[in-house]
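Examining the three-dimensional arrangement
Read off the chains here:
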Amino acid sequence: MDGLDNVPPFFLCPISLQVMEDPVTISTGVSYDRASIDRWLTLYEHHTCPVTNQHLTDLTLTPNATLLRLIQSWAACSTGCVAAAVAATKPGFDVSEILGDLGDPAARADGKAKALNTIRSLVLDDDGHAAHMEKAGVTSLVASLIARCEPSEALRNLVDPVVLIDEATSVLHLLKPSPETLREVSERRNGELIANLASLLQRGSHQARVHAALLLRSIYEVVGDNLKARIPVDLIEGVVEILKDQNADRATTMALLAIMIEVLPHGKNRLKAVQAGAVAVTVELLVEESVDRRKCEAMLYLLELMCGRAEGRAELVGHPAGVAAVVAKLLSLSSGVTARAVMVLGLVCRYCGGVMEEMLQVGGVAKLFMLVQVDGNRRSREMAKGILGNHIKAWSKSPCFPSHCLP
């Protein structure tokens, strides 16, 4: 076990991230090392709690004698490890100035921009600094900056608000928040952070859009279903717009697909996606992709979700390449891709009578016959048998029917 693991977390000052030598408690109930909180209150002239960001009307520092005795007892019982443990808790920098610039509502926007640059430099120098900053509350404050940055305030301070929010988004992605912190900051104020990140998908710089997509994917993996059902109005439009450009790298594309897969099962999001043109965009991406198994599985799953609604099925069948693109993935890259493709075809064949002839013309019926005869995913074979069983009479009357496929 390394030194850091040996130190009880409540022995660490939230500002210095070092073992406290003279713990004191302020009016919010949070304890700090006296030197660190005194510097925060006097040298930097802040009147907020660094951890909770609550305004302090009482600046009294009350000695925490109980905590001091616990620390002294721990030190006495762990003399062989204390030096290494204390050294391991020292991040090599003092976060108090960063906390001051980010946490003080009265701080100038150019000071916030400077703090963001400092954070970036520290994390790029040593990614271990990110964990120290998260414990000190820096990560939470960066998220709050994205969620609550006022453009008018930034302009008064001669800082482009777009640049400030773009930089904060980039830094938050660089900090790699833990799932617990990410969920906590995302659920504040009814998902204010999510709303601003969704807005960046359409209005941010290229780099900010990429980082916003990556952050939103991680956020929707950890937040509750209520936020997935109440998505920002421009979230799906932003995702579709980036996918439509087809200029995103693989990581960004996978993040965007993951966002859609997370939110579409909730509320009216499937209909919103269809209305935003997500079916057409997904079909076009599917046509272009021939080697990436995971991307194809994600795109087909997305189509499956949207085809759960009549509007989605109509869009797929109405697209010139819709059914053909799905059929082309049968028996192609993997059993997972085939399984997803069969699910989509099962939905359109069940509810869209006009697709029967097209299934014959694009080779879908022949591939279904092949699928039931090969060793593979049992569920896929059973689904293929079900589709054939439901429609074999109609298909067999067509001159395009692949009679050679019959056993």
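1. Topic: the sheet that holds strand 3 (residues 62–63)
- Taken in spatial order, the three strands make up an open sheet running 2-1-3, and their pairing is antiparallel. The open sheet has two free edges, formed respectively by strand 2 (31–33) and strand 3, since each of these has just one partner strand.
- Two strands pair when backbone bridges link them, and strand 1 (residues 23–25) and strand 3 are joined in this way by two bridges, in the antiparallel orientation. Pairing of V24 across the sheet is with P63, part of strand 3.

2. Digging into helix 6 (residues 129–136)
- Within helix 6, burial applies to H129, A130, H132, M133 and A136. Within helix 6, the buried residues cover an arc of 160° as seen down the axis, which keeps them to one side.
- Remark: G137 follows helix 6 within two positions and exhibits a positive phi of approximately 95°.

3. Re the environment of E297
- Relative to the helices and strands, E297 is located in helix 18 (residues 293–306).
- The spatial distance from the C-alpha of E297 to the C-alpha of L286 is 9.7 Å, given a sequence separation of eleven residues.
- Not counting residues within four places of it along the chain, the set of residues in contact with E297 comprises S334, G336, V337 and R340.

4. Considerations on the pattern of salt bridges
- One pass over the structure, following the stated rule, counts 14 salt bridges.
- With a closest N to O distance of 3.0 Å, R183 and E187 form a salt bridge.
- Residue classification places R183 among the partly exposed residues on the basis of a relative accessible area of 39%.
- Take E187: its relative accessible area is 33%, and that puts it in the partly exposed class.
- Between R309 and E311 there is a salt bridge; the shortest N-O distance is 3.1 Å.
- You can call E311 partly exposed: its relative accessible area is 33%.

5. A few points about the packing of helix 15 (residues 250–263) against helix 18
- For the pair helix 15 and helix 18, the least separation of the axes is 10 Å and the interaxial angle reads 25°. On the basis of the axis angle, helix 15 is roughly parallel to helix 18. For helix 15 against helix 18, the interelement crossing comes out left-handed. Taken together, the residues of helix 18 that come into contact with helix 15 (itself represented by R250, T253, M254, L257, M260 and I261) are R294, K295, A298, M299, Y301, L302 and L305.
- Across the contact of helix 15 with helix 18, the residue classes break down as nine nonpolar, one polar and three charged.

Here is what the cut-offs are and how they apply
- Residues numbered from 1 in each chain as written.
- Predicted model: local features only at pLDDT ≥ 70, side-chain atom pairs only at ≥ 80, totals over all residues.
- Heavy atoms only, no water.
- Pairing = 2+ DSSP bridges.
- Helix = DSSP H or I, 4+ residues; strand = E, 2+ residues; numbered from the N terminus.
- Buried < 20%, exposed > 50% of the residue type's maximum accessible area, 1.4 Å probe, protein only.
- Arc of directions from axis to C-beta.
- Contact = heavy atoms within 4.5 Å.
- Salt bridge = Lys/Arg side-chain N within 4 Å of Asp/Glu carboxyl O.
- Axes fitted to C-alpha atoms, helices over the stretch in contact; angles between N-to-C directions.
- Parallel < 35°, antiparallel > 145°, perpendicular 65-115°, else oblique.
- Left-handed = near helix turned anticlockwise from the far one by under 90°.
- Nonpolar A, V, L, I, M, F, W, Y, C, P; charged D, E, K, R; others polar.

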